[in-house]
Protein chains: 2
Amino acid sequence: MNTVADIKISRVTKSKLSELNLHNIPFGKFFTDHMLEVDYENGAWGTVQIKPYQDLALAPSLAALHYGQAIFEGIKAYKNEEGEGAIFRPFENFKRFNFSATRMQMPEVPEEIFIDGMKELLKLDQAWIPTFAQHSLYIRPFMFSTDEMIGVRPSEKYKFMIILSPTGPYYSKPMRIYVEEKYIRAAPGGTGAAKTAGNYGASMYPTAIAKEKGYDQVLWMDGLEHKYVQECGTMNVFFIIDGKAVTPSLEAGTILAGVTRDTVIDIFREEGIEVEERPLNIDEVISSYKSGTLTEVFGTGTAATISMIKELRYKDFVMEFDVEKTSKTKQVATTLDNIRYGKTADTHNWMVKI
Amino acid sequence: MNTVADIKISRVTKSKLSELNLHNIPFGKFFTDHMLEVDYENGAWGTVQIKPYQDLALAPSLAALHYGQAIFEGIKAYKNEEGEGAIFRPFENFKRFNFSATRMQMPEVPEEIFIDGMKELLKLDQAWIPTFAQHSLYIRPFMFSTDEMIGVRPSEKYKFMIILSPTGPYYSKPMRIYVEEKYIRAAPGGTGAAKTAGNYGASMYPTAIAKEKGYDQVLWMDGLEHKYVQECGTMNVFFIIDGKAVTPSLEAGTILAGVTRDTVIDIFREEGIEVEERPLNIDEVISSYKSGTLTEVFGTGTAATISMIKELRYKDFVMEFDVEKTSKTKQVATTLDNIRYGKTADTHNWMVKI
């Protein structure tokens, strides 16, 4: 078992931070001074290295580029008003990461590497956590297969890394969403509940079609009947119907068990708003809209946080929502922000100090 | 549009070929002296480079490692008894490659790069085509996204490469196949017809479970009813029932349109064996086995060529096949070999001279 003491740290001689304006910085484009890297070989993880962010020398036969054993997580670190950095619910992402690893026939990453390594890396680069409202430091743990062999089989070698990217608001404007009926993201027995690279690549063509039609994202339907609401491209989705929050349930294993989704469910319940996790048919969405009981729709995700949806289109039927009146969306977003930026008591111990 | 003249060639100073024994060489482990590499940027393909096989310098934020825009093909080159090299049906793989590219929201690769580039590379490394029976030079064209940015969106930059690997027989022994009921490879609306990395990563966990039970591969069922035969891990599949060859049809878009599959269909028809491309229910497979009309099962693929299946297990029901008596499997394998190794007239012009 690795311990924190095993981390080998090599620092940059000069930080790049002063060259960058962190205000409204685009998502995922700039990276901090350091990265974490550790290799798995002969059934064991090697020495964890934290070193200057740099290119990797990878063989053209790198297994991940051919056979897609590649998973990741998205986590955020925030600074409170005292300038102290903390990570939002990293243990939930740690658990999901290893769930993804199992589904993709990859080794689990021990907590000593994933969590303690992340903290060490953040200690070194904590000056990179922006202090502006709606800004944060996005943490990207990921793992990919590194055998240099193109036989189809699980790789024997893997690389686990963590990179850090300062970020501003992701979907800053209310979104227009296109309900996708033909293409699917996942089906039961597939990889929909795993955060694996292939799920995202598969989503890009249908999303591009929706973008051509003027929409920001698709809302996926289930793979069997193309009738049950699943998730948006990079977000789980909530519907406020009759004052209750309704969100698709997880039992089919076709959608991502979002950490923000789980957080929003907890917040709503604590604030006295009933939450229903259950299958949600698009026909119910439409009839609720027509009867006036469907009042708000929003997406949740680590990168997206809470994203208001102002339009939902199913076939030729357009549902519009007045984002000025989305009181429950704003309520949960405010509660979540207050916890993340340390403005309110963190009664769940969701924030993990760096 | 690129032309062959645009290829920039940089040769090795000394070939590695003399260091290697090509006889019974394992699949996909050793690569030839040179590789082809070309980058797509600002909506256009750059200069095609053929250069010594070497590592690539890739950023940790490489889009392909996070979001799985990655596709490939598998093609083989053979030497005839006069020592002349030829490629088996590369135009079919070229078409399928660009089909995969479209589904994964990647740019198409022009024929001048894919085909002419491949020929140039093979001219340089044709001494690597083994001359032993059942040996060949495996050609691996592949493309992956190269944006150095972790926002979820189609990459703006891509790299197309071709690498070459000498190979012996792939599945040399008759195989034991486990019919997978729970996990799926694909469903309608997904990426099952595209040769994309994620499809293979997704298959490894179910395949590992089958291997623990003593089987070599799984036979996938459809994603909707888990009843209709799809394909094996790396092969299409044929059943000889009542003297006819039955193979799953392609219209659902859930299985790979194999080039070897298509070739086998043509050969069977020319040799007077009826072929049915149609949905095939596992219950029909079982009842045909029980009545004695199902006599042979085999897999087809570029890497696998024609692979005899000696056992098929569905739930607790085991179907065994006497591979000594699989006359139609052997017949088509022999015809195919004779064409590939130039022992019979290539009436279809399947072999493309280097």
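Residues numbered from 1 in each chain as written. Chains lettered and ligands numbered in written order. Predicted model: local features only at pLDDT ≥ 70, side-chain atom pairs only at ≥ 80, totals over all residues. Heavy atoms only, no water.

Draft legend 1. How the structure looks around the interface of chain A and chain B. The partner chain B presents 62 residues to the 62 residues of chain A that form the contact. Interface area, chain A with chain B, both sides summed: about 5,000 Å², of which 67% is carbon and sulfur. The tally of links from chain A across to chain B stands at zero salt bridges. Linking chain A with chain B are 16 residue pairs in polar contact (both at pLDDT 80 or more). Of all elements in the fold, only strand S5 (56-58), helix H1 (63-67), strand S6 (70-72), helix H2 (90-103), strand S9 (136-145), strand S10 (158-167) and helix H4 (197-212) of chain A reach the threshold of two or more residues within the side of chain A that touches chain B. For the side of chain A that touches chain B, the leading source of residues is H4(A), giving nine residues. Looking at the side of chain A that touches chain B residue by residue, the classes come out as 38 nonpolar, 17 polar and seven charged. Sheet topology places S5(A) next to strand S5 (residues 56-58) of chain B; three bridges connect them, and they run antiparallel. Considered in S5(B), the bridge of A:Ala57 is made with B:Ala57. (Contact = heavy atoms within 4.5 Å. Buried area = accessible area lost by both parts, 1.4 Å probe. Salt bridge = Lys/Arg side-chain N within 4 Å of Asp/Glu carboxyl O. Polar contact = N/O pair within 3.5 Å; in protein donor to acceptor, adjacent residues only side chain to side chain. Helix = DSSP H or I, 4+ residues; strand = E, 2+ residues; numbered from the N terminus. Nonpolar A, V, L, I, M, F, W, Y, C, P; charged D, E, K, R; others polar. Pairing = 2+ DSSP bridges.)

Draft legend 2. Fine view of unusual backbone geometry. The phi torsion at A:Gln105 lies on the positive side, around 60 degrees, for a residue other than glycine. For A:Gln105, the location among the structural elements is in the loop between H2 and helix H3 (111-124). When its relative accessible area of 25% is taken as the criterion, A:Gln105 is described as partly exposed. Phi is positive for B:Gln134, close to 65 degrees, though the residue is something other than glycine. Note that B:Gln134 resides in the loop between helix H3 (111-124) and strand S9 (136-145). (Buried < 20%, exposed > 50% of the residue type's maximum accessible area, 1.4 Å probe, protein only.)

Draft legend 3. How the structure looks around helix H5 (residues 259-270) of chain A. Residue and element names in this part refer to chain A. The terminal C-alpha atoms of H5, which comprises twelve residues, lie 17 Å apart, in line with the 16 Å expected from a rise of 1.5 Å per residue. Taken residue by residue, H5 has Val259, Thr260, Arg261, Thr263, Val264, Ile265, Ile267 and Phe268 as its buried positions. Phi for Gly272, located one or two positions after H5, is positive at around 80 degrees. (Expected span 1.5 Å × (residues − 1).)

Draft legend 4. Local environment of the domain arrangement of chain A. Residues and elements named next belong to chain A. Entries for chain A in the domain assignment read domain 1 (4-169) and domain 2 (175-340). Across the boundary between the two partners, domain 1 contributes 21 residues, which contact 21 residues of domain 2. Both faces combined, the contact of domain 1 with domain 2 buries some 1,800 Å², and carbon together with sulfur accounts for 57% of it. Summed over the three residues of domain 1 that lose the most area to domain 2, namely Phe72, Phe88 and Arg96, the buried surface amounts to 32% of that side. At the junction of domain 1 with domain 2, the criterion picks out one salt bridge. Put simply, domain 1 and domain 2 have 14 residue pairs in polar contact (both at pLDDT 80 or more) between them. Broken down by secondary-structure element, the contributors of at least two residues to the side of domain 1 that touches domain 2 are S6, strand S7 (75-79) and H2. (Domains from an automatic or database assignment.)

Draft legend 5. Main features of the environment of A:Phe72. Along the polypeptide, A:Phe72 turns up in strand S6. Not counting residues up to four positions away in its chain, the partners in contact with A:Phe72 are A:Phe97, A:Arg140, A:Pro141, A:Phe142, A:Lys195, A:Tyr200, B:His66 and B:Tyr67.

Draft legend 6. Focus on H2(A). Residue and element names in this part refer to chain A. In this model, H2 (14 residues) spans 20 Å end to end at C-alpha, consistent with the 20 Å of a helix rising 1.5 Å per residue. Taken residue by residue, H2 has Pro90, Asn93, Phe94, Arg96, Phe97, Asn98, Ser100, Ala101 and Arg103 as its buried positions. The positive-phi residue at the C-terminal boundary of H2 is Gln105, with phi of around 60 degrees.

Draft legend 7. Expanded view of the relation of the copies chain A and chain B. Once turned by 180 degrees and shifted 0.0 Å along the axis, chain A lies on chain B with an RMSD of 0.0 Å. Such a turn and shift between the copies fits a two-fold axis. Of the residues that chain A buries at the interface, 100% are likewise interface residues in chain B, meaning the two copies contact each other through the same surface. (Least-squares fit on C-alpha atoms with pLDDT ≥ 70 in both.)

Draft legend 8. Representation of the packing of H2(A) against H3(A) in the model. Residues and elements named next belong to chain A. Two elements in contact, H2 and H3, have axes separated by 11 Å at closest approach and are oriented at 145 degrees. When you trace H2 past H3, the crossing you get is right-handed. Packed against H2, whose contacting residues are Pro90, Phe91, Asn93, Phe94 and Phe97, the element H3 presents Glu111, Phe114, Ile115 and Met118 at the interface. (Axes fitted to C-alpha atoms, helices over the stretch in contact; angles between N-to-C directions. Left-handed = near helix turned anticlockwise from the far one by under 90°.)

Draft legend 9. The arrangement of the environment of A:Lys315 in detail. Tracing the backbone through its elements, the reader meets A:Lys315 in the loop between strand S18 (305-314) and strand S19 (317-320). Looking at A:Lys315, its side chain comes within polar contact range of the side chain of A:Glu181, at 2.6 Å.

Draft legend 10. Quick look at the pattern of salt bridges. Taken as a whole, this structure holds 40 salt bridges over all chains when the rule is applied. Put simply, B:Arg261 and B:Glu277 hold a salt bridge, and the shortest N to O gap is 2.7 Å. Placement of the pair is B:Arg261 in helix H5 (residues 259-270) and B:Glu277 in strand S16 (residues 275-277), with a sequence separation of 16 residues. Through salt bridges with shared partners, a single ionic network connects A:Glu37, A:Asp39, A:Lys51 and A:Lys159.

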